[in-house]
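Geometric and topological summary
Below are the chains, spelled out letter by letter.
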Amino acid sequence: NAGVMQNPRHLVRRRGQEARLRCSPMKGHSHVYWYRQLPEEGLKFMVYLQKENIIDESGMPKERFSAEFPKEGPSILRIQQVVRGDSAAYFCASSPIQGEQETQYFGPGTRLLVL
Amino acid sequence: GDSVTQMEGPVTLSEEAFLTINCTYTATGYPSLFWYVQYPGEGLQLLLKATKADDKGSNKGFEATYRKETTSFHLEKGSVQVSDSAVYFCALTNSGGSNYKLTFGKGTLLTVNP
């Protein structure tokens, strides 16, 4: 049973480009969460999605960031017109059940570097 | 808002040494407390948890006790092994409708030498 998959593991972008981060949840999981870890900080909640629905995006920056979890395929975190301050590790987690934090299974993360 | 402060790393120990990683928190209400571990190249894994005051979470020889009076949840292990080398994260969730939101500390890198 494969765990949560994230790709790419490392992503380098120049300022102004777009970054697309992918997360494939564990088989049978329909709830996905994205967290961001800025340098020298802890992981911070960004967004919670179910299939085709955004449940809570209170941690998402108001501009340039968007997330989706389509009926088929992985969840995508999209960052438009990246800036140096977007450099961070982005972690995805999935769960089979809503709201039970102990069942969030994390992926290995995507390290984004903006030059 | 809620926050978690944990011991700055890195921590380097010899095999069989005693481990303590300090963690304190600030939260309204009645948070649940967690320790997660991240082994090299892998995702975060739940190590242990405690959901109310004086509860002790334990797993794989690690322990942590929820201390409401000192707002702490320190991680301890009596005898570390090389395989315990990893990054350890203290985290909390708060009561209420959005209890899926984990608030993490910055992480502490532990290296255990043979």
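This write-up is about the structure you can find in this document. (Residues numbered from 1 in each chain as written. Chains lettered and ligands numbered in written order. Predicted model: local features only at pLDDT ≥ 70, side-chain atom pairs only at ≥ 80, totals over all residues. Heavy atoms only, no water.)

This part covers the nonpolar core. Residue and element names in this part refer to chain B. Judged by nonpolar contacts, the single largest core of 26 residues is most densely connected at W35, L47, L48, F73, L75 and Y88. Mapped by element, the contributors of at least two residues to this core are β2 (11–14), β3 (19–21), β4 (23–26), β5 (32–38), β6 (44–50), β8 (62–65), β10 (86–93) and β12 (108–113). Ranked by residue count, the leading element in this core is β10, at 4 residues. (Core = buried A, V, L, I, M, F, W, Y, C linked by side-chain atoms within 4.5 Å. Buried < 20%, exposed > 50% of the residue type's maximum accessible area, 1.4 Å probe, protein only. Helix = DSSP H or I, 4+ residues; strand = E, 2+ residues; numbered from the N terminus.)

A word on the pattern of salt bridges. According to the stated counting rule, one finds 7 salt bridges over all chains in the structure shown. In this structure, the salt-bridge partner of D55 of chain B is K52 of chain B, at a minimum N-O distance of 3.4 Å. The exposure class assigned to D55 of chain B is partly exposed, which follows from its relative accessible area of 21%. The salt bridge partner of K77 of chain B is D84 of chain B, with a shortest N-O separation of 2.8 Å. As far as the burial class goes, K77 of chain B and D84 of chain B line up, both buried. Three or more residues are tied together by salt bridges with common partners; here these are E18, R20 and R78 of chain A. (Salt bridge = Lys/Arg side-chain N within 4 Å of Asp/Glu carboxyl O.)

Bringing the sheet that holds β3 of chain B into the picture now. Residue and element names in this part refer to chain B. If you trace the 4 strands from one edge of the open sheet to the other, you get β3-β9-β8-β7, paired in antiparallel fashion. Because the sheet does not close on itself, it has two edges, and the strands there are β3 and β7 (56–59). Pairwise comparison of adjacent strand axes, ignoring direction, gives a mean angle of 15 degrees for this sheet. The pairing of β8 with strand β9 (residues 75–77) spans 3 bridges and is classified as antiparallel. The partner of E63 across the bridge, within β9, is E76. (Pairing = 2+ DSSP bridges. Axes fitted to C-alpha atoms, helices over the stretch in contact; angles between N-to-C directions.)

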